[in-house]
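Remarks on the overall topology
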Amino acid sequence: MTTQRTIPTPANVSPASGPKLVQTLGLFSSTALVIGSMIGSGIFLVDADIARVTNSPALYLGAWVVTGVLTIIAALSYGELAAMMPKAGGQYIYLRESLGPLWGFLYGWTLFLVIQTGTIAAVCVAFGKFLGVFFPTVSTTHWLWHIAHVPPIPIGPMVLGNMDIGVNTANLAGIVVMFFLAVVNIFGMKIGSMIQNVFTSAKALSLAGLVVLGFTIGRNATAWEANFGADWSRFWENAGWHALHPVQVGVGGPLVMVNLLVVLAVVQVGSLFSSDAWNNITFTAGEVKNPRRNIPLSLVMGTGFVLTVYFLASLAYILVLPMRGDPHGATVLARGVQYAAEDRVGTAALEQIFHSGGAQLMAAAILISTFGCANGLTLAGARVYYAMSRDGLFFKSVGKLHPRYHTPVAGLLVQALWTAVLCLSGSYSQLLDYIIFAVLVFYILTIVGLFVLRRKWPSAPRPYRALGYPVLPGLYVVMATWICIVLLRYKPQYTWPGLVLVLIGIPVYFLWSRQPSSQT
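Residues numbered from 1 in each chain as written. Predicted model: local features only at pLDDT ≥ 70, side-chain atom pairs only at ≥ 80, totals over all residues. Heavy atoms only, no water.

Examined against the element boundaries, D276 turns out to sit in the loop between α10 (268–274) and α11 (280–283). Overall, D276 belongs to the buried group, its relative accessible area being 13%. Residues D276 and L413, spaced 137 residues apart in sequence, show a C-alpha to C-alpha distance of 23 Å. Those residues in contact with D276, other than ones at most four positions away along the chain, are S37, M38, V439 and Y443. Within polar-contact distance, the side chain of D276 engages the side chain of Y443 at 2.3 Å. (Helix = DSSP H or I, 4+ residues; strand = E, 2+ residues; numbered from the N terminus. Buried < 20%, exposed > 50% of the residue type's maximum accessible area, 1.4 Å probe, protein only. Contact = heavy atoms within 4.5 Å. Polar contact = N/O pair within 3.5 Å; in protein donor to acceptor, adjacent residues only side chain to side chain.)

Take a look at the structure:
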């Protein structure tokens, strides 16, 4: 019989070693964290690029179906890992225990360097940009301190640089919001989760409202004829097995013609990223009540809700606007989904419905959405650095909790400081592009870890077992691996830099691992 060792995670620390994380989040709050972390600004923007690349209403919606299948399978698989190891740190813990501490560290390293902090920076600056709709002085062009402009630096298929460094009113607004949320979350999970619950409810209602408007008063004959036709023939245009689609290789590279399976993989860059961060609930497992039950449930309910609403929102867009459009069109109807101004499809849809005031309504919805998203990401991220520190793989102070509020104060502040640097650097959007591939690789590795742990710890308690195991987790690995292969070939600007960021973490791991663990 296999002997199972004790999992050395933060939740096993003895009371004498200091305060513990307090279980505060119930099922509603943990589900709100899943939903709130997923819904940012992506769903209002990425549909334009998906529409341009697929050039087919059927494939445009098909991209979201692929994203939905992948994300739901991953959530079902993570549910088993979360129920087995309901410890602070989540995915970091799963990788550490299944594949070894190096893989856990590489995930935590990439998470801190850009996945979590870069996403928080992007979301907070987006908050600042849309605040400018109501306060015009808040703008990315209103510089308070312009340090320098970094010119474009072509490196193979990538273009680095091409960014401005300094403080403008938009990124300053974002930094203020980000530090505010970091400080608020120091005062306990109850306050952070209360904010999350309120803003998640508001953003869910806003997105649901967009869907209802699109299906009712926004639906128009012009869009229906352009996207569906009288006999649905236009819906299926360019969606056949033998149809070919032009895809540009890299930045400024040649156009190549690809088939259905390749083009659906290429556009996952946008849809998968918009649907990411659902795993953040696993980071806070040490503070979830009855985590063996509530984390799997919140993963399934949260991802199921968001992905359903995302699909319906994308469908609503093509009920309101023609999918194809003219980049020089004079109206939102003429530009269509493909060429919505600055890719703001959500704003274009509301402008078409209301003609006046649509931009303000969408800006208000995105302000709510980005604020709640930033709070969820801030709250969750610090718990991973806390777990890493307890293993001796991060700054020692980050592994300590506030004696009264039982929150990882140092982790929240270190995360906030690095996020502020990314906001000022102007590079966070590039960095986010570069890590999409790495994020997907870590998801694959974590689900591979599910198979490893089934063999490594066959008798370990599993209050919840992954639905459809081994078929569904295996399907995820195959589908996600195919997407990675396609992105390596056709979108190298999104892949190789992400691998470099991960690989830089290997020597850092060996330096950190020489430090003693703070476990007792």
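Past the structure itself, the notes keep going.
Within the structure shown, the criterion is met by 9 salt bridges. Between R454 and E80 there is a salt bridge, and its shortest N-O distance comes to 2.8 Å. Of the two residues, R454 is situated in helix α17 (residues 428–456) and E80 in helix α3 (residues 57–84); the sequence distance between them amounts to 374 residues. Taken as a pair, R454 and E80 share a single burial class, namely buried. One continuous salt-bridge network, built from bridges that share partners, spans D49, R52 and D343. (Salt bridge = Lys/Arg side-chain N within 4 Å of Asp/Glu carboxyl O.)

Okay, a nonpolar patch on the surface next. Judged by side-chain polarity, L144, W145, I147, L172 and V176 come together as a nonpolar surface patch covering roughly 510 Å² of accessible area. Among the elements that line the nonpolar patch, the one with the most residues is strand β1 (residues 143–155), at 3 residues. Within the secondary structure layout, W145 lies in strand β1. Judged by relative accessible area, W145 falls into the exposed class, the value being 55%. (Patch = residues over 30% accessible without salt bridge, like charges linked within 9 Å, V, L, I, M, F, W, Y side chains within 5 Å. Areas by Shrake-Rupley, 256 points an atom, 1.4 Å probe, with all protein chains shown as cover.)

Right, let's get into the pairing of strand β4 (residues 255–258). Every second residue of β4 is oriented toward a common face, the buried set being V256 and V258 and the non-buried set L255 and M257. For strand β3 (residues 245–248) and β4, the ladder comprises 4 bridges, and the chain directions are antiparallel. Counted as the bridge partner of Q248 is L255 from β4. (Pairing = 2+ DSSP bridges.)

Attention now goes to the nonpolar core. In this structure, Y60, F105, L207, W278, V337, Y476 and Y490 are the most contacted members of the largest nonpolar core, which totals 164 residues. Ignoring anything within four residues of it in the chain, the contact list for V337 reads D47, A48, A51, Y60, Y317, I318, L321, P322, M323 and V345. (Core = buried A, V, L, I, M, F, W, Y, C linked by side-chain atoms within 4.5 Å.)

The next subject is helix α1 (residues 27–38). The first and last C-alpha atoms of α1 sit 17 Å apart over 12 residues, in line with the 16 Å expected at 1.5 Å per residue. With 10 of 12 residues buried, α1 lies mostly within the body of the structure. Residues of α1 that are buried include every one of S29, S30, T31, A32, L33, V34, I35, G36, S37 and M38, and no others. At its buried positions, α1 is contacted by α7 (189–215), α10, α11, α12 (291–320) and α15 (358–390). (Expected span 1.5 Å × (residues − 1).)

What follows concerns the side chain of S275. Its place among the elements puts S275 in the loop between α10 and α11. Sequence-distant contacts of S275, that is, excluding residues within four places in its chain, are made with M38, W64, T67, T71, L307 and Y310.

At a minimum axis separation of 6 Å, helix α4 (residues 91–99) and helix α5 (residues 101–131) run at an interaxial angle of 155°. Of the possible angle classes, the one that applies to α4 and α5 is roughly antiparallel. You can see that α4 and α5 cross each other, and the crossing is right-handed. Listed contacts from α5 to Q91, Y92, L95, R96 and L99 of α4 are P101, W103, G104, F105 and Y107. Looking at the contact of α4 with α5 residue by residue, the class counts come to 7 nonpolar, 2 polar and 1 charged. (Axes fitted to C-alpha atoms, helices over the stretch in contact; angles between N-to-C directions. Parallel < 35°, antiparallel > 145°, perpendicular 65-115°, else oblique. Left-handed = near helix turned anticlockwise from the far one by under 90°. Nonpolar A, V, L, I, M, F, W, Y, C, P; charged D, E, K, R; others polar.)

Quick look at the state of the cysteines now. What the rule picks out here adds up to 0 disulfides. Here C373 stays free of any disulfide, with the sulfur of C124 as its closest cysteine sulfur at 8.8 Å. C373 sits in the buried class, given a relative accessible area of 3%. (Disulfide = S-S within 2.5 Å.)

Right, let's talk about the packing of α17 against helix α18 (residues 471–490) for a bit. Two quantities define a packed helix pair, namely the angle between the axes and the distance from one axis to the other. One can describe the packing of α17 onto α18 by two numbers: an axis separation of 10 Å at closest approach and a directional angle of 155°. Taken together, the axes of α17 and α18 lie roughly antiparallel to each other. Like other packed secondary-structure pairs, α17 and α18 cross with a definite hand, here left-handed. Where α17 approaches α18, its residues F437, L440, V441, Y443, I444, I447, V448, L450 and F451 are matched on the opposing element by P473, G474, Y476, V477, A480, T481, I483, C484 and L488.

Moving on, we get to the confidence of the model for the protein chain. Predicted confidence across the protein chain gives a mean pLDDT of 87, with 93% of residues reaching 70 or more. Under a pLDDT of 50 for its full length, residues 1–18 has, in the predicted model, 40 contacts with residues more than four places off or in other chains. (pLDDT = per-residue confidence, 0-100.)

Another aspect to go through is the packing of aromatic side chains. Two numbers describe a pair of aromatic rings. These are the distance of the centres and the angle of the planes. In this structure the tally under the stated criterion is 27 aromatic pairs. One aromatic cluster is present, formed by F112, Y385, F394, F395, W418 and W512 through successive ring pairs. For R454, the ring lying beneath its charged end belongs to Y469, and the centroid distance is 3.8 Å. (Phe/Tyr/Trp six-rings, centres within 6.5 Å; stacked < 30°, edge-to-face > 60°. Lys NZ or Arg CZ within 6 Å of the ring centre and 35° of its normal.)

So, about unusual backbone geometry. Omega for the peptide link from Y469 to P470 comes to 0°, which places this bond in the cis form. You can see P470 is positioned in the loop between α17 and α18. Phi angles above zero are rare outside glycine, and W232 is one such case at about 65°. Tracing the backbone shows W232 in the loop between α8 (221–227) and β3. In this model, E342 sits at a positive phi of 50°, which is unusual for a non-glycine residue. Considering the arrangement of structural elements, one finds E342 in the loop between α13 (332–335) and α14 (345–354).

Our next topic: the environment of W278. Mapped onto the fold, W278 is located in the loop between α10 and α11. In this structure, the C-alpha to C-alpha distance between W278 and R514, residues 236 residues apart in sequence, is 33 Å. Apart from residues lying up to four places away in sequence, W278 is in contact with V34, M38, T71, A74, A75, Y78, L299, T303 and Y443.

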